[in-house]
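Report on the structure
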Amino acid sequence: MQFTKEYFIQEFKKRLNEGYAVDIKQASNFELYQTLASIVRSGYNNAWHQNIKNNAREGNKQAYYFSIEFLPGRLLQSNLLNMGWYDTVISGLKDLDIDFYEVTEIEKDMALGNGGLGRLAAAFMDALASSGLPGNGNGIRYKYGLFKQKIVDGYQVELPNEWLNQGNSWEVRRDSKAVDIHINATEVSLLEKDGHLVPVYHGGKVIRAVPYDVGVVGFQNGCVNNLRLWDAEIPESEEVNYRTLDERRKIEDLTSILYPDDSTSEGRRLRLLQEYFFVSAGIQSILKHHKKAGHNLNKLADYVAIHINDTHPVLCIPELMRLLLDEEHYGWDEAWEITTQVMSYTNHTLMAEAMEKWPIHYIQELQPRIYQIICEIERRYVESLEKRGQAELIPSTRIIADNQIRMVSLAIIGSHSVNGVAKLHTELMKSQVLNDFYRLFPERFNNKTNGITERRWLQIANRELSKVLDKTIGKTWRYAADDLEMLLKYQDDEKVLKEINHAKYQNKVRLAEHVKKSNGLKISPDAIFDVQIKRLHEYKRQLLNLLRIIKLYQDLKENPNLDIQPRVFIFGAKAAPGYHEAKVIIKCINEVGNLINNDQTIQDKLKVVFIEDYSVSLAELIIPAADVSEQISTATKEASGTSNMKLMLNGALTVATLDGANIEIKDQVGDDNIFIFGLTKDEVTAHNQTQDYCAWDYYNNIPVIKRVLDALIDGSIPNIQVEGRHVFDLLTRFNDQFFVLADFEGYLAIQEQVDQAYRKPLAWAKMSLINIAKGGHFSADKTVQRYAKEIWHIKPVVEKDEAKYDSYQ
Ligand code: H2P
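Just so it is clear, the model here is predicted, and its values are computed rather than measured. (Residues numbered from 1 in each chain as written. Predicted model: local features only at pLDDT ≥ 70, side-chain atom pairs only at ≥ 80, totals over all residues.)

To continue, consider the overall build of the chain. When its secondary structure is counted, the chain shows 32 helices and 25 strands. The C-alpha radius of gyration of the chain comes to 27 Å, within 12% of the 28 Å expected for a compact globule of 809 residues. In terms of principal-axis extent, the alpha carbons of the chain reach across some 90 × 70 × 55 Å. In the chain, buried positions account for 50% of the 809 residues. Restricting to contacts in the chain with at least 6 residues of sequence separation, those with at least 24 account for 76%. (Helix = DSSP H or I, 4+ residues; strand = E, 2+ residues; numbered from the N terminus. Rg over C-alpha atoms; globule rule 2.2 N^0.38 Å. Buried ≥ 20, exposed ≤ 12 C-beta atoms within 10 Å, placed from the backbone. Contact = placed C-beta atoms within 7 Å.)

Given below as structure tokens:
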């Protein structure tokens, strides 16, 4: 049946009445939302089902993306857009006197991630389906996700994020696909069974993993893939082993939160258990599926590619080995061949702290058989290097060292492909941090620069600009992001430039309304909206931004008539609960904000807004309204970044260091349309090698730096006696690990250029236009297509066919 407006209206009324026994006038937004979601689900369920059947029937090779984080945000709007139902639904609801956008606000973000890592995984899900590629996600269904951030007296307070308490409209529980996982055995012995030696686990317990599947709807092509999220339960047969509430709670805790506090050994063990839990569940279910389809496991690599997203899922490697050896009775060499053909790994950061290492006794206690297998992988690896005459590379690359398991080593040794996420990052991986591995396995290393989905970030989030684009270059950009380049023809067209500025202005008005409500603060859309939104981390240098704000404030106090463009500094950032320095920085931002925002004498020339509980949905509000994008990490530290791409796509101009994907953005837009400053990777590397950096020299010799730093400790900023001192010490006594002071003057100078540039609205709009036009370059569709072709060897199984979701049941 055609999905027409009339049909939708009739169906909507019917389902509302059936589901809630109310009519439209009485219905709450929640009831309206649920009804709408149920119609959307029914619209793609058939395609979803068919897709699963087709893949099995045709024996299509599929990719499985294992990730501890997925951060899709809300799905109602993106599903509607991808199904091609968006306009029909909005107009139908309008006829019913329902404000669609108000209804969408009811949906809670699926917030199963922290930052770029999880958002990338979600973008890849969307891009895979939209490219018609058979690619599925495998992760954890956290009950509380990361945490809900509240700012109380300037401090970050972490509360549980109860995103699931009203249910998740998009998930389907699949009992029949549950699998069991044995953990904490005290001993493993070998017993003969059917002519094979099989390990028998003594002691320990069994956890049941139950999958909740979320359909991932492709963009107007009828392709619906699967995002499988696992929950932990106690199997009925095991109930007697969980007698106390405490024991039961431990199973609940397993999928309660993302990143349990890793400052305690209990928290660290829980995190490792989570990793093994979703890995084992995922691999078991893949093998079950494969066998059910009648395929031989010898040929696993012809049907399955497993991707290890960052190190958290690295236990995939020994777990697949375990199943092949113990359950399927393969010999070691054959099992190893299959495993390495199937596995590939992405590295997302070179920060030492993020390279996971687990004490061997944690793994031994968790799953002794996995530990045995890791030891055997290690033994054979070391032996092979000795044989190859490369024994000198053993200490730096081996898996087990200092009583710890190095997950990066295990990942690289057990995979056929290792990729970085931006050109510079891959180069640093190859030439510095993982150089010894690169010398051993050069053919495994490759780059896949990250990408974003312009459907969410432009079509959904920025309707104002989308309208301008439609009018100017037609609508093909909605299907092929590269077509945004057609905009370049209009870079000197005053009318178009004005329209771009007008769209930005309207988005700023919208954000200003939100800030009024959320922060009680009035900000002017005429000011520059200067945005830094990302995880709070010292290397991302929110602190550099804050020091500049203090400097501007001091200048204005000295000279209230100083001629500067009014600016609103907008931050959105969560700090990891155990990361003290990051929390201290949040407190300082908020107190500097309090001081500035309440100071009448500076005549609203500066405002500082910290938007609490930064999320995908808030990003959708903030990004279209940004004039300036702050991408100011210490060179070499940010692997790629993706907010940099989203912001340029929305016409913000980037202030950037030559780090991560900023370099590729600069290559796209050209030097004149981006503001570059700061130490280069070679300069940072040289400082690190020679250890010649002296932060005190900057403090003592550069008056502007001394003046700003002193403000942190001389009482001129109220309420930061402790935190101000802490930041001061980080930047001086502890020698400013991230070179904030070295880059400070360069940063001030470039911001002065931004200030001047903003005074010329048409010239600014031209730069903005060039950024928008080049934004399509970073489409996640293209990124996943490269993964598909070069790493996973999977092919599109669904061609674009708009009619597919119209077969409405
Ligand atoms: C990380 C990196 C980013 C990268 C992202 C996705 C871990 O994300 O630091 O540079 O773009 O993965 O590859 P984040 O810092 O935002 O948590």
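So, about the environment of Ile412. Note that Ile412 resides in helix 15 (residues 407–413). In this structure, the C-alpha to C-alpha distance between Ile412 and Met343, residues 69 residues apart in sequence, is 9.5 Å. Residue contacts for Ile412: discarding those within four places in its chain leaves Tyr345, Val418 and Phe437.

This part takes up the UniProt feature "modified residue: N6-(pyridoxal phosphate)lysine" (unreviewed entry) in the chain. The feature "modified residue: N6-(pyridoxal phosphate)lysine" (unreviewed entry), as annotated in UniProt, sits at Lys646 in this numbering. By the element assignment, Lys646 lies in helix 24 (residues 643–649). Those residues in contact with Lys646 that lie beyond four places of it in its chain are Ile452, Trp457 and Ile623. (UniProt positions renumbered as here; feature names shortened; annotations may be inferred.)

A few words on helix 32 (residues 780–792). Three or four residues apart is the spacing at which side chains of an α-helix point the same way, because the helix has 3.6 residues per turn. Here helix 32 is 13 residues long, yet its end C-alpha atoms lie only 16 Å apart, well below the 18 Å a rise of 1.5 Å per residue gives. Looking at helix 32, one finds that the buried residues are Ala780, Asp781, Thr783, Val784, Tyr787, Ala788, Ile791 and Trp792. What you see down the axis of helix 32 is that its buried residues fit within an arc of 165 degrees, all on one side. In the core, the buried residues of helix 32 are packed alongside strand 1 (62–66), helix 6 (116–130), strand 4 (135–140), strand 13 (304–309), strand 14 (343–346) and strand 18 (417–420). (Expected span 1.5 Å × (residues − 1). Arc of directions from axis to C-beta.)

Our next topic: the packing of helix 20 (residues 494–519) against helix 31 (residues 761–774). Interhelical geometry of helix 20 versus helix 31 gives an angle of 85 degrees and a closest axis separation of 9 Å. Classed by the angle they form, the pair helix 20 and helix 31 counts as roughly perpendicular. Across the interface between the two elements, Glu494, Leu497, Ile500 and Asn501 of helix 20 pack against Pro761, Leu762, Ala765, Lys766, Ser768 and Leu769 of helix 31. Classifying every residue of the contact of helix 20 with helix 31 by side-chain character gives six nonpolar, two polar and two charged. (Axes fitted to C-alpha atoms, helices over the stretch in contact; angles between N-to-C directions. Parallel < 35°, antiparallel > 145°, perpendicular 65-115°, else oblique. Nonpolar A, V, L, I, M, F, W, Y, C, P; charged D, E, K, R; others polar.)

Turning to the pairing of strand 4, a few remarks are in order. Of all the six residues making up strand 4, six are buried; the element is thus mostly covered by neighbouring parts of the structure. Of the two faces of strand 4, the one carrying Gly135, Gly137 and Gly139 and the one carrying Asn136, Asn138 and Ile140 are both buried. Across four bridges, strand 1 lies against strand 4 in parallel orientation. Bridge pairing links Tyr65 to Gly137 in strand 4. (Pairing = 2+ DSSP bridges.)

Moving on, we come to the packing of helix 10 (residues 316–327) against helix 13 (residues 368–388). With their axes 9 Å apart at the nearest point, helix 10 and helix 13 run at an angle of 105 degrees to one another. Here helix 10 lies roughly perpendicular to helix 13, going by the angle between them. Counting all contacts with helix 10, which are made through Pro318, Glu319, Met321 and Arg322, the residues of helix 13 involved are Arg369, Ile370, Ile373, Ile374 and Ile377. Split into classes, the residues belonging to the contact of helix 10 with helix 13 amount to six nonpolar, no polar and three charged.

The next point concerns the site of the ligand. Looking at the ligand, there are 17 residues lining it, with Gly115, Gly116, His348, Ala639 and Ser640 nearest. The residue inventory of the shell around the ligand, partitioned by class, reads four nonpolar, ten polar and three charged. (Near = placed C-beta within 6 Å.)

Time to look at the nonpolar core. Among the nonpolar cores identified, the biggest contains 233 residues, and Phe124, Phe277, Cys316 and Ile622 are the most heavily contacted of them. When residues no more than four places from it in sequence are discounted, the contact partners of Phe277 are Ile181, Ile207, Ala209, Trp230, Ala232 and Leu254. (Core = buried A, V, L, I, M, F, W, Y, C linked by C-beta atoms within 7 Å.)

For the chain, the domain assignment lists domain 1 (1–57 + 75–105), domain 2 (59–74 + 109–450) and domain 3 (456–778). Centre-to-centre, using C-alpha coordinates, domain 2 lies 35 Å away from domain 3. Residue-level contacts link 36 residues of domain 2 with 31 residues of domain 3. Mapped by element, the contributors of at least two residues to the side of domain 2 that touches domain 3 are strand 2 (70–73), helix 6, strand 5 (148–152), strand 6 (155–159) and helix 16 (423–433). For the side of domain 2 that touches domain 3, the per-class residue count stands at 13 nonpolar, 14 polar and nine charged. (Domains from an automatic or database assignment.)

A separate point is the sheet that holds strand 17 (residues 404–406). Spatially, three strands are ordered 15-17-16 in an open sheet, and the strand pairing comes out antiparallel. Strands at the two margins of the open sheet, each flanked by one partner only, are strand 15 (357–359) and strand 16 (400–401). As paired elements, strand 16 and strand 17 share two bridges and run antiparallel to each other. Along strand 17, the bridge assignment pairs Ile400 with Ile405.

Another point: the confidence of the model for the chain. Reading fine detail from the predicted coordinates is not recommended where pLDDT is low. Confidence along the chain averages 95 in pLDDT terms, with 99% of residues attaining 70 or more. Across the interfaces of the predicted complex, the ipTM metric reaches 0.94, alongside a pTM of 0.97. (pLDDT = per-residue confidence, 0-100.)

Below, the discussion takes up the sheet that holds strand 22 (residues 606–610). A sheet is described by the order of its strands in space; here six strands give the open sequence 22-21-20-23-24-25, paired in parallel fashion. One side of each edge strand has no neighbouring strand; the edge strands of this open sheet are strand 22 and strand 25 (675–676). Note: strand 20 (residues 528–533) against strand 21 (residues 567–572), six bridges, orientation parallel. Bridge pairing in strand 21 links Gln532 to Phe571. Contacting strand 21 and strand 22, helix 22 (residues 580–597) crosses the sheet at an angle of about 140 degrees to strand 22.

Of all eight residues making up helix 3 (residues 76–83), six are buried, and the element is well covered by its neighbours. The complete set of buried residues in helix 3 reads Gln77, Ser78, Asn79, Leu80, Asn82 and Met83. Tucked into the core, helix 3 has its buried residues touching helix 2 (29–58), helix 4 (86–95), helix 5 (100–104), helix 6, strand 11 (205–217) and helix 18 (454–460). Backbone geometry just downstream of helix 3 places Gly84 in the positive-phi region, at approximately 80 degrees.

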